[in-house]
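Single-letter residue listing:
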Amino acid sequence: MKYTFPKDFWWGSSASGPQTEGRFTGDGKGENIWDYWYELEPEKFFDQVGPDKTSRVYEKYQEDVQLMKQIGHNSFRTSIQWSRLIPNGTGTVNQAAVDFYNHYIDELLANGIEPFFNLYHFDMPLALQEKGGWTNRETVDAYVTYAKTCFELFGDRVKKWFTHNEPIVPVEGGYLYQFHYPNHVIMEEAVAVGYHENLASAKAIQSYHEMDLDGEIGIILNLTPSYPRDENNPEDVKAAQMADTFFNRSFLDPAVKGEFPEELMTVIKELDIVPEIQEGDLAIIKNNTVDLLGINYYQPRRIKAKETPIDPSHGPMPDDYFDYYDMPDKKINPYRGWEIYEKGIYDILTNVRENYGNIRCFISENGMGVEGEERYINEDGQIDDDYRIEFVTDHLKYVHQAIQEGTNCLGYHMWTCMDNWSWTNAYKNRYGFISVDIKNEGKRTIKKSGHWFKTVAENNGFID
Ligand code: BG6
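Residues numbered from 1 in each chain as written. Predicted model: local features only at pLDDT ≥ 70, side-chain atom pairs only at ≥ 80, totals over all residues. Heavy atoms only, no water.

A. Local environment of the overall build of the protein. The helix and strand tally for the protein stands at 15 helices and 19 strands. For the protein, whose C-alpha radius of gyration is 21 Å, the value lies close to the compact-globule estimate of 23 Å for 464 residues. On the principal axes, the C-alpha backbone points of the protein span a range of 60 × 55 × 45 Å. Looking at the protein as a whole, 61% of its 464 residues qualify as buried. Relative to all contacts within the protein whose residues are 6 or more apart in sequence, the contacts with residues 24 or more apart total 77%. Of the roughly 18200 Å² that the protein leaves accessible, carbon and sulfur atoms contribute 47%. Counting 45 positive and 75 negative side-chain charges, the protein places the centres of these two groups 3 Å from one another. (Helix = DSSP H or I, 4+ residues; strand = E, 2+ residues; numbered from the N terminus. Rg over C-alpha atoms; globule rule 2.2 N^0.38 Å. Buried < 20%, exposed > 50% of the residue type's maximum accessible area, 1.4 Å probe, protein only. Contact = heavy atoms within 4.5 Å. Areas by Shrake-Rupley, 256 points an atom, 1.4 Å probe, with all protein chains shown as cover. Lys, Arg positive; Asp, Glu negative; His and termini not counted. Charge placed at Lys NZ, Arg CZ, Asp CG, Glu CD.)

Right under this line is the structure:
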């Protein structure tokens, strides 16, 4: 069958500043929470590879843009590192960073690749984290100033902006489940973080629209769908709805509908952890929803009604309201431990069509992290990653189906272009269309999937 995608479909990939740029003498970058956490506890990072050693895009961006072109990209997303542009989070702008991002943007445009820029990808400047990071309302003001600086500096050429990538992840990682600095387990702080991220997003959208810059601004959310163990068991269904409310609707509803889900407000009121909502905040959130929604999808969430006792060693947690369900016989990516469920991407797109006004959206991340890919190197030195081609094909079929049914999906970006630094997993699992040899000055080699993706982009689809 032939799968053809809409005209001008966005074919490309996504990445982030902190995972790709690296740090270089004289680059003027300030410290962020990743630099700091790595200094404190390098052993927490796979093979002790830290954020300074990422894929060296800071010096290799020209070569990288050529490679993107070679694999058929018409668009590419990365993020500005707040701590590179404004090293202390507030105050002086780093001219070396302005020059770098200007050159990077110009290089992309000169090669026919539209730059999509995100403003925040888990990388709080350390100076702001020391004052509480997203738990502190002052960070919202600092972020809005940073966002406006970016729009002023680069908004003449960047026409697709995003306020956050996966804003639920700093909530989960930093304040509930201990996989981001500062590794707290305090739900009251988690709620404040989520609230301030939402408010910051709405305020940045407001500023962007006021500047009348002839582009659009959205948010990128990981909309992991929650499936109940048994659809006919009301307790399982209710538990799955709670997980959906905590992890998806806490950002999706305010971003698209301008309001927080009632179910979420009820729970945080019951727990007495409502953040400080100042006069006018809710109107700002209501009146400044996104133009465009980026959807990241990797895996589903399988849920059952709470069966295990609540852990008394800490305060309330979202999972006091549900348990994770280990579904037998699921397809799994063993390296990352994530279930592969291709239809999930269709279910998200259908939900967005039916319940979120069919907002303009695109798949902003989807991908497969695999460890030890060097064992697939063929005699020509190329990694034959047929599993990745299969993964992308199977997901694209469902994207195609959703589009056929009317979903307003405008593109597909793979995570990621070049293999990059995956937080505490560092370079354990590789996601790229292009391999990066970190032991050999970051040497790049296009994988089989990269060559395949070029044909998909050129044909605006594929036959299968
Ligand atoms: C997404 C993030 O959640 O998944 C990326 O936006 C991340 O930053 C990617 O790298 C892959 O996940 P992980 O945890 O394997 O790096």
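After that view, the rundown keeps rolling.
B. Highlighting the pairing of strand E8 (residues 292-296). A large share of E8 lies buried, amounting to 5 of its 5 residues. For strand E6 (residues 216-222) and E8, the ladder comprises 5 bridges, and the chain directions are parallel. Bridged to Leu221 within E8 is Ile295. Bridging between E8 and strand E13 (residues 361-365) involves 4 bridges; their strand directions are parallel. By the bridge assignment for E13, Gly294 is matched with Phe362. (Pairing = 2+ DSSP bridges.)

C. Spotlight on the pairing of strand E9 (residues 301-304). Along E9, one buried face is formed by Arg301 and Ile303 and the opposite face, lined by Arg302 and Lys304, is buried too. Sheet analysis places strand E7 (residues 226-228) next to E9, joined by 3 bridges and oriented parallel. Bridging from a neighbouring strand, Pro228 pairs with Ile303 of E9. Note: E9 against strand E10 (residues 323-324), 2 bridges, orientation antiparallel. If you follow Lys304 over to E10, its bridge partner there is Asp323.

D. Representation of the site of the ligand. In the neighbourhood of the ligand, 13 residues make up the surrounding shell, with Gln19, Glu166, Arg336, Ser422 and Tyr431 lying closest. Contact between the ligand and Gln19: an oxygen atom at 2.8 Å from a side-chain N or O atom of the residue. Here an oxygen atom of the ligand sits 2.6 Å away from a polar atom, N or O, in the side chain of Ser422. Considered on its own, the ligand offers 380 Å² of accessible surface; in the complex 92% of this is hidden by protein. Given that more than half its atoms are within 2 Å of the pocket grid, the ligand belongs to the largest pocket. Among the residues forming the shell around the ligand, the class breakdown is 6 nonpolar, 4 polar and 3 charged. (Near = heavy atom within 4 Å. Polar contact = N/O pair within 3.5 Å; in protein donor to acceptor, adjacent residues only side chain to side chain. 1 Å grid on protein atoms, 1.4 Å probe; cavity = no way out; pocket = protein on both sides within 12 Å on 5 of 7 lines; lining within 4 Å. Sits in = over half its atoms within 2 Å of the grid points. Nonpolar A, V, L, I, M, F, W, Y, C, P; charged D, E, K, R; others polar.)

E. Representation of the state of the cysteines in the model. Taken as a whole and assessed by the stated rule, the structure comprises 0 disulfides. With no disulfide partner, Cys409 has as its closest neighbouring cysteine sulfur the one in Cys361, 4.8 Å distant. By relative accessible area, which is 3% here, Cys409 ends up buried. Cys409 supplies the cysteine sulfur nearest to Cys417, a cysteine that is in no disulfide, at a spacing of 19 Å. (Disulfide = S-S within 2.5 Å.)

F. Focus on the sheet that holds strand E4 (residues 114-118). Taken in spatial order, the 8 strands of this closed barrel run E2-E3-E4-E5-E6-E8-E13-E15, and their pairing is parallel. Strand-to-strand twist across the sheet, computed as the mean angle between neighbouring axes with direction ignored, equals 25°. Strands in contact with helix H5 (residues 95-110) are strand E3 (75-79) and E4; relative to E4, the strand with the most contacts, it is inclined by about 145°. (Axes fitted to C-alpha atoms, helices over the stretch in contact; angles between N-to-C directions.)

G. Spatial organisation of the UniProt feature "active site" (unreviewed entry) in the protein. Using the residue numbers shown here, the UniProt feature "active site" (unreviewed entry) corresponds to Glu365. Take Glu365: it is sitting in strand E13. (UniProt positions renumbered as here; feature names shortened; annotations may be inferred.)

H. Representation of the sheet that holds E9. Across the sheet, which stays open at both edges, the 3 strands sit in the order E7-E9-E10 with mixed pairing between neighbours. Two strands close off the open sheet at either side, each with one partner strand: E7 and E10.

I. Examining a nonpolar patch on the surface more closely. A cluster of nonpolar side chains, Val274, Ile277 and Leu282, forms an exposed patch at the surface whose accessible area comes to about 210 Å². Along the polypeptide, Ile277 turns up in the loop between helix H11 (262-270) and helix H12 (281-287). On the basis of relative accessibility, which here comes to 31%, the residue Ile277 falls in the partly exposed class. (Patch = residues over 30% accessible without salt bridge, like charges linked within 9 Å, V, L, I, M, F, W, Y side chains within 5 Å. Salt bridge = Lys/Arg side-chain N within 4 Å of Asp/Glu carboxyl O.)

J. Quick look at unusual backbone geometry. In this model, Tyr181 is joined to Pro182 through a cis peptide bond whose omega is 15°. Here Pro182 shows up in the loop between helix H8 (168-175) and helix H9 (187-211). Cis geometry marks the peptide bond from Trp415 to Thr416; its omega dihedral reads 10°. Tracing the sequence through the fold places Thr416 in the loop between strand E15 (409-415) and strand E16 (429-430). For Asp47, which is not a glycine, the phi torsion comes out positive at approximately 55°. For Asp47, the position within the fold is in the loop between helix H2 (33-40) and helix H3 (57-70). Look at Asp47 and you get exposed, because its relative accessible area is 61%.

K. The side chain of His196, seen in detail. Within the secondary structure layout, His196 lies in helix H9. For His196, a relative accessible area of 6% corresponds to the buried category. In this view, His196 contacts Trp134, Thr135, Asn136, Arg137 and Val140; residues no more than four positions away in its chain are not counted.

L. Just the layout of surface pockets, in detail. Reported here for the largest pocket is a volume of approximately 1000 Å³. If you trace the largest pocket, you find 37 residues lining it, with Glu172, Phe179, Gln299, Arg336 and Trp338 closest to the centre. Where the lining of the largest pocket is concerned, the elements lending two or more residues are H8, E9 and strand E12 (338-339). Its residues assigned to classes, the lining of the largest pocket shows 15 nonpolar, 13 polar and 9 charged. Looking at the second largest pocket, it is lined by 22 residues, and the ones nearest its centre are Glu374, Arg430, Val436, Asp437 and Ile438. The set of elements that each furnish at least two residues to the lining of the second largest pocket consists of strand E17 (434-437) and strand E18 (443-446). Considering each element in turn, the lining of the second largest pocket owes the most residues, 3 residues, to E17. Considered class by class, the residues forming the lining of the second largest pocket number 8 nonpolar, 4 polar and 10 charged. (Points joined across faces, edges and corners; volume = space filled by probe spheres on them.)

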